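Spelled out from the first residue to the last, the chains are:
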Amino acid sequence: MWGGRFASGPAAIMAEINASIGFDKRLYAQDIEGSKAHAAMLAKQGIINKTDAAAIAKGLDAVKAEIEAGKFSFSDALEDIHLNVESRLKEIIGAPAGRLHTGRSRNDQVATDFRLYVRSVCDGVITSVQALQLALVEQALAHAGTIMPGFTHLQVAQPVTFGHHLLAYVEMLERDRGRFVDARKRLNQSPLGAAALAGTPYPIDRAMTAHALEFDGPMRNSMDAVSARDFVLEFLSAATICAVNLSRLAEEIVIWSSAQFRFVSLSDKFTTGSSIMPQKRNPDAAELVRAKPGRILGAFTALAVVLKGLPLTYSKDMQEDKEPAFDAMDSLGLALAAMEGMVRDMKPNAAAMHAAASTGYATATDFADWLVQKLNMPFREAHHVTGRVVALAERKGVRLDELSLADLQSIEPRTTKDAFKVLTVENSVRLRSSFGGTAPANVAREARRWHKILKGKRT
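Okay, so let's go over this structure.

What counts, and at which threshold
- Residues numbered from 1 in each chain as written.
- Predicted model: local features only at pLDDT ≥ 70, side-chain atom pairs only at ≥ 80, totals over all residues.
- Heavy atoms only, no water.
- Axes fitted to C-alpha atoms, helices over the stretch in contact; angles between N-to-C directions.
- Helix = DSSP H or I, 4+ residues; strand = E, 2+ residues; numbered from the N terminus.
- Parallel < 35°, antiparallel > 145°, perpendicular 65-115°, else oblique.
- Left-handed = near helix turned anticlockwise from the far one by under 90°.
- Nonpolar A, V, L, I, M, F, W, Y, C, P; charged D, E, K, R; others polar.
- Disulfide = S-S within 2.5 Å.
- Patch = residues over 30% accessible without salt bridge, like charges linked within 9 Å, V, L, I, M, F, W, Y side chains within 5 Å.
- Areas by Shrake-Rupley, 256 points an atom, 1.4 Å probe, with all protein chains shown as cover.
- Salt bridge = Lys/Arg side-chain N within 4 Å of Asp/Glu carboxyl O.
- Buried < 20%, exposed > 50% of the residue type's maximum accessible area, 1.4 Å probe, protein only.
- Phe/Tyr/Trp six-rings, centres within 6.5 Å; stacked < 30°, edge-to-face > 60°.
- Lys NZ or Arg CZ within 6 Å of the ring centre and 35° of its normal.
- Pairing = 2+ DSSP bridges.

1. Thoughts on the packing of helix α7 (residues 162-187) against helix α10 (residues 230-256)
Item 1. Where α7 meets α10, the axes come as close as 8 Å, and the angle between the chain directions of the two elements is 165 degrees. Classified by the angle their axes make, α7 and α10 are roughly antiparallel. You can see that α7 and α10 cross each other, and the crossing is left-handed.
Item 2. Taken together, the residues that form the contact of α7 with α10 break down as 17 nonpolar, 2 polar and 7 charged.

Put into structure tokens, the structure is as follows:
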């Protein structure tokens, strides 16, 4: 491709470090799409003739068909997807292939390909996030009133419902979805036609190619167009946050499915056994999802380090943007699919959850609130009184609702039997009816709202 300047080929190790076809061949569809748009524009502008443009378009379709049929022979000697496609195009159509690269460079070509690819991945991730949200919402609808312990510091804190707990992840995932939507919007500008870095003297129409490729418009600065990779960095940032959120849910599934908790069970579809302990059912899918943020954050860090010291415009360092990004994209897609599968597969154990919610004096705050509301006691004083009640229950080895009225009155004489109404976990969750609270009526209403929203997005 540059034989006019170089008299000999590269050293073997140079060829090996320089080649990117091993990983950037996945950009073939975007590369061909961009080339077809570019050729059509060149013909419309009279830069190449329509006969050559038609031959180029037909030849590119043939190249794409070969790749998708598994009949294309990728060459390391041709370095990347761009030269592999162009070389094969020349073999198919001859001399007109040489006109395709008029008015562009591999610099704007790869930037265009990568934007198109990341845009497509964003669309897929957004769909996958919504599918996981829907799985969570459907479980929440079924378990709006299923009582479980809510935790702080992994200690029993207050009773909540399983549906309420799951809807918390729906909210988290909605913020994740929004980050991908925002990233997609910002990346949707076309670099094509910026050429190497300075633009081109040919009378090209960059708005035409941008429209053909469904970009919002051409990038306004040719140097920025070829050198910007913050769109990948932004995707990886969103992917890292999303993976961390998935990891939190995965950790909960690991805990919930343990013999010590027994809150949920997973079927054979999402568990594995042990090579030595026949009784084991390991939540390996959840554990692997829990591990994915390391790879995805690693990709973000790798690209940030690549970019941090690069002067404008293009440097070969940028070839290192794709391999970790591709791995992160694959990892996130796999994690989202596995998590949706687990959420749909898991079977909640309502009895175990209810029993756990009834331990750890989970309704202590309810008693303090009763003292405030019924006896007009300042909350700090009510907190102190309730702490003494809890200490008494601990000494007696009973739950709060198993104390006698005399026991309660020994600490606060004005206590009446009405206080026992708030000491059950059922009443505790029912009374948490403030906006965003865990009351089953709230949860059912919110789950129905989300279900309508998500079903609407899928249709």
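On we go.
2. Brief notes about the state of the cysteines
Item 1. Scanning all chains against the criterion turns up 0 disulfides.
Item 2. This cysteine, C122, is not joined by any disulfide, and C242 carries the nearest cysteine sulfur, 11 Å off.

3. Remarks on a nonpolar patch on the surface
Item 1. Where nonpolar side chains cluster on the molecular surface, the patch consists of I13, M14 and I17 and spans about 340 Å² of accessible area.
Item 2. Relative to the helices and strands, I17 resides in helix α1 (residues 12-18).
Item 3. With relative accessibility at 65%, the residue I17 sits in the exposed group.

4. Quick word on the packing of aromatic side chains
Item 1. The tally for this structure, following the rule as stated, stands at 9 aromatic pairs.
Item 2. An angle of 75 degrees between the planes, with centres 5.9 Å apart, marks the rings of F114 and F231 as edge-to-face. Residue F114 is found in helix α6 (residues 106-142), and its partner F231 is found in helix α10; the two are separated by 117 residues along the sequence.
Item 3. Both rings, one in F114 and one in F326, keep their centres 5.8 Å apart while their planes meet at 75 degrees; by these two values the pair is edge-to-face. You can see F114 sitting in helix α6 and its partner F326 sitting in helix α12 (residues 322-345), a full 212 residues away along the chain.
Item 4. Residue F326 is classed as buried on the basis of its relative accessible area of 2%.
Item 5. Grouping aromatic residues by their ring pairs yields a cluster made of F114, Y117, F231 and F326.
Item 6. A cation sits over an aromatic face here: R119 above F215, 5.1 Å from the ring centre.
Item 7. When the ring centre of W450 is taken as reference, the NZ or CZ atom of R449 above it lies at 5.1 Å.

5. Quick notes on unusual backbone geometry
Item 1. Cis geometry is adopted by the peptide bond preceding T313, which originates at L312 and carries an omega value of 10 degrees.
Item 2. For T313, the position within the fold is in the loop between α11 (284-308) and α12.
Item 3. Backbone geometry at E79 places phi at a positive 70 degrees, although glycine is not the residue there.
Item 4. Residue position: E79 is located in the loop between α4 (50-68) and α5 (81-93).
Item 5. The backbone of H153 sits at a positive phi, close to 60 degrees, despite the residue not being glycine.
Item 6. Mapped onto the secondary structure, H153 falls in the loop between β1 (147-152) and β2 (155-161).
Item 7. Of the residues examined, H153 reaches a relative accessible area of 76% and is grouped as exposed.

6. Looking at the pairing of β2
Item 1. Note: β1 against β2, 6 bridges, orientation antiparallel. When the bridges of β2 are listed, G150 appears paired with Q158.
Item 2. In textbook terms, the turn of a hairpin is the stretch between consecutive antiparallel strands, and for β1 and β2 this stretch comprises 2 residues, one of which, H153, has a positive phi near 60 degrees.

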